[in-house]
Amino acid sequence: MKTDKLSSMGSEPNGSFAALIRKRQTWLLLAGILCFVLLPRIGGQYTSYLVLTFFGYGVALLGFNLLFGYTGLLSFGHALFFTSGAYTVSYLTAKFAIPYMEVSIVVAVVVAVAIAALIGAICVRYIKIYFALLMLAFGMLTYSFLIKFYYITGGDEGMPVLRPHLLGFDLSSMSKMDFLTGWYYYYVLTVFIIATWIMWRIVSSHFGLALRAVRDNPEKAYYLGIDVRRYRWYAFIISGAYAAVGGALVAPVIGNVDPTLTYWTHSGTLVFMTLLGGFTNFLGPLLGGLVYIFLQDGVMSLLHYWRFVFGAMLAFIVIAAPGGLAGAIELIANKYSAKKDALGG
């Protein structure tokens, strides 16, 4: 049956523990986590710094793909939630002298949920290009606000982010790189793993199944008793909260937040990462984010016009591998398995 086939794909996860253990991508994920845990010990500080940035973007990408891949709504303004999380950390640490990272994350989620609830109530009434353009408009409105209201936001200079306390411990005596690639690295890795597990449970639940029904056939979902707008609104709020957590985690890494974080090109970066990895696979956006960060670092060090290279790459992926890197890997693996079974038979 078609449903059984979809259940075996990364985009349609089965929530049972036995099914989870049998999945190839589960073991790849566990191997990846082990590599991330050992990286600060076996890799250089700069590599750990890049991976630390990926953890923050990874959380944001999980939320973005809940909206895009699972609900079918493409946002060109999602960076505004990422920025709200980053500015929240800056305000709490620099303005209000509240250095606790846990408080910053909670407040960032509350602020993002409030913003997403208001914006989502308007945007989820529309779909396709209309939704995307509405989000682009809200993103650029936020960018203009951050630029113009200098005394509140710091204008184009942005605002500093002071070193946060982790679990109540003040680690200000450490050097910045030792802090980022040491205690903070494992702190963010833990948050990243927890956020990934929660998102897996969400997309594996009846709620996730309802979102896929809304994505595939909203009219049929409506006649089956699913409140389409309300489910889109819920997905929008969850997506915004995840993006805010990602921004909050990245803020101490970059050390200064500014309006460029909410510019439309930054929202485009989230879209690019998702398409690069593959939005039809649960782990696809994470793979895309990791590859993008390292590829950008390498290409920027060689070429000034690195965006030209990335544009050509996006065009190639859309044409040659619409399923992204994860989809291409899964396709190759399935062909290899089928060939091996045929030879064995």
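Model, not experiment: these values are computed from the prediction. (Residues numbered from 1 in each chain as written. Predicted model: local features only at pLDDT ≥ 70, side-chain atom pairs only at ≥ 80, totals over all residues. Heavy atoms only, no water.)

## Re the overall build of the protein
Right, on to step 1. Across its full length, the protein holds 17 helices and two strands.
Right, on to step 2. For 345 residues, the compact-globule formula gives about 20 Å, and the C-alpha radius of gyration of the protein, at 20 Å, lands near that figure.
Right, on to step 3. Expressed along its principal axes, the backbone C-alpha trace of the protein runs to roughly 65 × 50 × 40 Å.
Right, on to step 4. Here the protein holds 345 residues, and the buried ones make up 46% of them.
Right, on to step 5. A sequence separation of at least 24 residues applies to 76% of the contacts in the protein between residues at least 6 apart.
Right, on to step 6. Here the protein has roughly 17400 Å² of accessible surface; of this, 70% comes from carbon and sulfur atoms. (Helix = DSSP H or I, 4+ residues; strand = E, 2+ residues; numbered from the N terminus. Rg over C-alpha atoms; globule rule 2.2 N^0.38 Å. Buried < 20%, exposed > 50% of the residue type's maximum accessible area, 1.4 Å probe, protein only. Contact = heavy atoms within 4.5 Å. Areas by Shrake-Rupley, 256 points an atom, 1.4 Å probe, with all protein chains shown as cover.)

## A few points about the packing of aromatic side chains
Right, on to step 1. What the rule picks out here adds up to 28 aromatic pairs.
Right, on to step 2. Taken together, a centroid distance of 6.3 Å and an interplanar angle of 15° make the contact between Tyr184 and Tyr187 stacked. You can see Tyr184 and its partner Tyr187 sitting in helix 10 (residues 183-204), three residues apart, about one turn around the helix. By the burial criterion, Tyr184 is buried, and Tyr187 matches it.
Right, on to step 3. Here the aromatic residues Phe36, Phe54, Phe55, Tyr185, Tyr186 and Phe192 are joined through ring pairs into a cluster of three or more. (Phe/Tyr/Trp six-rings, centres within 6.5 Å; stacked < 30°, edge-to-face > 60°.)

## Quick notes on helix 13 (residues 228-254)
Right, on to step 1. With 27 residues, helix 13 extends 39 Å between its outermost C-alpha atoms, agreeing within 8% with the 39 Å of an ideal straight helix rising 1.5 Å per residue.
Right, on to step 2. With 20 of its 27 residues buried, helix 13 lies for the most part within the structure.
Right, on to step 3. Just downstream of helix 13, Gly255 is the residue with a positive phi angle, here 80°. (Expected span 1.5 Å × (residues − 1).)

## Overview of the nonpolar core
Right, on to step 1. The biggest cluster of nonpolar side chains holds 79 residues, and the ones touching the most others in it are Phe55, Tyr184, Phe236 and Leu249.
Right, on to step 2. Looking at this core, the element that brings in the most residues is helix 4 (residues 45-70), giving 13 residues.
Right, on to step 3. Ignoring sequence-local partners within four residues, the contact set of Tyr184 consists of Leu52, Met101, Leu166, Phe179, Ala248, Leu249, Pro252 and Val253.
Right, on to step 4. The next biggest cluster of nonpolar side chains, apart from the first, holds five residues, and it includes Ala210, Ala221, Ile226 and Val228. (Core = buried A, V, L, I, M, F, W, Y, C linked by side-chain atoms within 4.5 Å.)

## Focus: unusual backbone geometry
Among all residues save glycine, negative phi is the norm, and among peptide bonds the norm is trans.
Right, on to step 1. Even without a glycine there, the phi angle at Ala97 is positive, about 55°.
Right, on to step 2. You can see Ala97 is positioned in the loop between helix 5 (79-95) and helix 6 (101-123).
Right, on to step 3. Residue classification places Ala97 among the exposed positions, given a relative accessible area of 59%.
Right, on to step 4. In this structure, Lys128 is a non-glycine residue whose phi angle is positive, near 55°.
Right, on to step 5. The class of Lys128 is exposed, set by a relative accessible area of 65%.

## Observations concerning the packing of helix 11 (residues 206-216) against helix 13
Right, on to step 1. Helix 13 packs onto helix 11 with a crossing angle of 115° between their chain directions and a minimal axis gap of 10 Å. Once helix 11 is placed against helix 13, the crossing between them reads as left-handed. Residue-level inspection shows Phe207, Ala210, Leu211 and Val214 of helix 11 in contact with helix 13, the latter providing Val228, Tyr231, Arg232, Tyr234, Ala235 and Ile238.
Right, on to step 2. Here the residues of the contact of helix 11 with helix 13 sort into nine nonpolar, no polar and one charged. (Axes fitted to C-alpha atoms, helices over the stretch in contact; angles between N-to-C directions. Left-handed = near helix turned anticlockwise from the far one by under 90°. Nonpolar A, V, L, I, M, F, W, Y, C, P; charged D, E, K, R; others polar.)

## Let's talk about the pattern of salt bridges
Right, on to step 1. Tallying each qualifying case throughout the model produces two salt bridges.
Right, on to step 2. Its salt-bridge partner being Arg215, residue Asp216 comes within 2.8 Å of it at the nearest N-O pair.
Right, on to step 3. Its relative accessible area of 25% is what places Arg215 among the partly exposed residues.
Right, on to step 4. The shortest N-O distance in the salt bridge between Asp227 and Arg230 comes to 3.9 Å.
Right, on to step 5. The partly exposed category is assigned to Arg230, whose relative accessible area is 46%. (Salt bridge = Lys/Arg side-chain N within 4 Å of Asp/Glu carboxyl O.)

## Some remarks on the environment of Val299
Right, on to step 1. Along the polypeptide, Val299 turns up in helix 15 (residues 284-300).
Right, on to step 2. A relative accessible area of 13% places Val299 in the buried class.
Right, on to step 3. Along the chain, Val299 and Thr153 lie 146 residues apart, while their C-alpha atoms are 32 Å from each other.
Right, on to step 4. In contact with Val299, not counting residues within four places along its chain, are Trp306, Val309 and Phe310.

Purely geometric stuff here, so don't read any function into it on its own.
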